[in-house]
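Residue strings, one per chain:
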Amino acid sequence: MKIFYNIILFSVAIFFFNCNQKNEKEINIDAKNSIMKKQEKKLKNPWDSLNSKNTEAFLTKYGNQNSETKVIIKTKYGDIRIKLYEDVPIHRANFIFLTKIKYFNSTVIYRVAKNFVIQGGNSDNFYTQIQRKKYGNYLMKPEFNSNRKHKYGTLAAAREWENNPEKLSSPFEFYIVQKKSGAHHLDGEHTVFGEVISGFETMEKISKVKVGIDEWPIEDIKMTIEILD
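Source: prediction; values computed, not measured.

Cut-offs applied
Residues numbered from 1 in each chain as written. Predicted model: local features only at pLDDT ≥ 70, side-chain atom pairs only at ≥ 80, totals over all residues. Heavy atoms only, no water. Helix = DSSP H or I, 4+ residues; strand = E, 2+ residues; numbered from the N terminus. Contact = heavy atoms within 4.5 Å. Buried < 20%, exposed > 50% of the residue type's maximum accessible area, 1.4 Å probe, protein only. Arc of directions from axis to C-beta. Polar contact = N/O pair within 3.5 Å; in protein donor to acceptor, adjacent residues only side chain to side chain. Axes fitted to C-alpha atoms, helices over the stretch in contact; angles between N-to-C directions. Parallel < 35°, antiparallel > 145°, perpendicular 65-115°, else oblique. Nonpolar A, V, L, I, M, F, W, Y, C, P; charged D, E, K, R; others polar. Core = buried A, V, L, I, M, F, W, Y, C linked by side-chain atoms within 4.5 Å. 1 Å grid on protein atoms, 1.4 Å probe; cavity = no way out; pocket = protein on both sides within 12 Å on 5 of 7 lines; lining within 4 Å. Points joined across faces, edges and corners; volume = space filled by probe spheres on them. Pairing = 2+ DSSP bridges.

This next bit is on the environment of Val-192. Summarising the element assignment, Val-192 is placed in strand β7 (residues 192-198). For the pair Val-192 and Tyr-175, spaced 17 residues apart in sequence, the C-alpha to C-alpha distance is 9.6 Å. With residues near it in sequence (within four places) discarded, Val-192 still touches Tyr-85, Val-88, Arg-148, Lys-149, His-150, Thr-154, Leu-155 and Ala-156.

Shown next, in the form of structure tokens:
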């Protein structure tokens with residue numbers, strides 16, 4: 001009898017052990033599924049999934065899925081049409097990305113340096129600052145090409161000069177060379193990623209506005225940027 005009871009007790013123990021193992025496996029599977037769903041939910045909103053750690057990977061993938069190369073900058077002074085270069089894939093993808101999520105539409109042309117450049121992509125708008133801070137102010141590695149010079153009408157990425165030995169680009173701010181002879185001292189210092197193809201007269205109008213001592217226009221020059229092709 002004693003042997004019989006021992007066999008029964010052993011069988012019961014095995015049964016509960018298997019049940020516990022099954023429960024633990026189910027819990028682990030549920031936990032993994034929950035994590036996967038959270039990740040998928042994040043990926044559904046590409047703006048939320050971009051951060052300072054996955055910048056290059058994200059923009060490479062985004063660029064492959066969004067091949068547009070032409071945009072239009074609209075201002076009260078007129079329009080400026082821009083062609084983005086395909087041989088600077090990260091910067092092109094970034095500009096298309098920010099355009100599509102309408103980041104630029106809350107910004108202004110905030111710097112007009114006479115006979116030099118006009119610069120945009122920032123503002124003192126509270127919403128703009130929230131957008132910039134929310135994702136860690138990611139930066140981009142330079143994409144220098146010897147054939148891309150700072151000629152008249154060049155579009156290039158702004159960047160910090162101090163404590164930036166790698167010459168990392170700001171994703172949010174850009175400038176257009178307004179000086180007729182170009183700004184070639186910036187070659188190899190800032191990534192050139194596009195050029196003006198029409199709207200030079202608009203550029204010239206903007207270059208003549210009144211500015212303060214910080215080169216910020218006295219009257220804000222609001223803009224919107226849209227995809228053309």
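Our focus in this paragraph is helix α5 (residues 126-134). Turning to α5, its buried residues are Thr-128, Gln-131 and Arg-132. All buried residues of α5 project into a common sector of 95 degrees when viewed along the axis, lining one side. Exposed side of α5, more than 90 degrees from the buried face: Phe-126, Lys-133 and Lys-134 are the residues found there. For α5, the N-terminal cap is Asn-125; the gap from its side-chain oxygen to the backbone nitrogen of Tyr-127 is 2.7 Å.

A positive phi angle, near 55 degrees, is found at Asn-115, a position not held by glycine. Turning to its location among the elements, Asn-115 is positioned in the loop between β3 (108-113) and β4 (117-122). Of note, Asn-163 is a non-glycine position whose phi angle comes to about 55 degrees, a positive value. Secondary-structure assignment places Asn-163 in the loop between β5 (154-157) and β6 (174-177).

Right, let's get into the packing of helix α3 (residues 55-65) against helix α4 (residues 89-100). At a closest axis distance of 9 Å, the pairing of α3 and α4 adopts a crossing angle of 80 degrees. Between α3 and α4, the crossing angle belongs to the class labelled roughly perpendicular. Touching Glu-56, Phe-58, Leu-59, Thr-60, Tyr-62 and Gly-63 of α3 are Ile-90, Arg-92, Ala-93, Asn-94, Ile-96, Phe-97 and Lys-100, all from α4. In the contact of α3 with α4, the residues fall into seven nonpolar, three polar and three charged.

For the rest of this paragraph, the subject is the nonpolar core. Membership of the largest hydrophobic core comes to 46 residues, with the highest contact counts inside it found for Ile-82 and Phe-174. Ile-82 has contacts with Thr-69, Lys-70, Val-71, Ile-73, Leu-155, Ile-176, Glu-195, Val-196 and Ile-197, leaving out every residue within four places of it along the chain.

Another point: the layout of surface pockets. Considering only enclosed or pocket space, the largest pocket measures out at about 360 Å³ in volume. In terms of lining residues, the largest pocket is bounded by 24 residues, among which Ala-158, Arg-159, Glu-160, Ser-170 and Glu-173 are the most central. Of the residues in the lining of the largest pocket, the class split is eleven nonpolar, eight polar and five charged.

Turning our eyes to something else, we now look at the sheet that holds strand β9 (residues 224-227). Strand order in the open sheet formed by nine strands is β8-β3-β4-β6-β5-β7-β2-β1-β9, with antiparallel pairing between adjacent strands. Here the strands that pair on one side only, and so sit at the sheet edges, are β8 (221-222) and β9. In the sheet, β3 pairs with β8 via two bridges, with the strands oriented antiparallel. For Ile-109, the partnering residue across the bridge sits in β8 and is Ile-221. Its contacts with the sheet place helix α6 (residues 200-207) against β1 (70-75), β2 (78-84), β3, β4, β6, β7 and β8, and it is angled at close to 120 degrees to β2.

A few words now on empty space enclosed by the protein. Throughout the structure, instances matching the rule amount to two cavities of 30 Å³ or more. Together, His-91, Asn-94, Phe-95, Phe-104, Met-140, Ala-157, Ser-170, Pro-171, Phe-172, Glu-173, Phe-174 and Phe-193 line the largest cavity. With three residues, α4 is the largest single contributor of residues to the lining of the largest cavity. In this structure, the second largest cavity encloses a volume near 40 Å³. Residue lining of the second largest cavity: Ile-73, Ile-80, Ile-109, Ile-118, Gln-119, Gly-120, Phe-174 and Ile-176, and that is the complete set. At the level of secondary structure, the elements contributing two or more residues to the lining of the second largest cavity comprise β4 and β6. When residues of the lining of the second largest cavity are assigned to their parent elements, the largest contribution, three residues, is made by β4. Here the residues of the lining of the second largest cavity are counted per class, giving six nonpolar, two polar and no charged.

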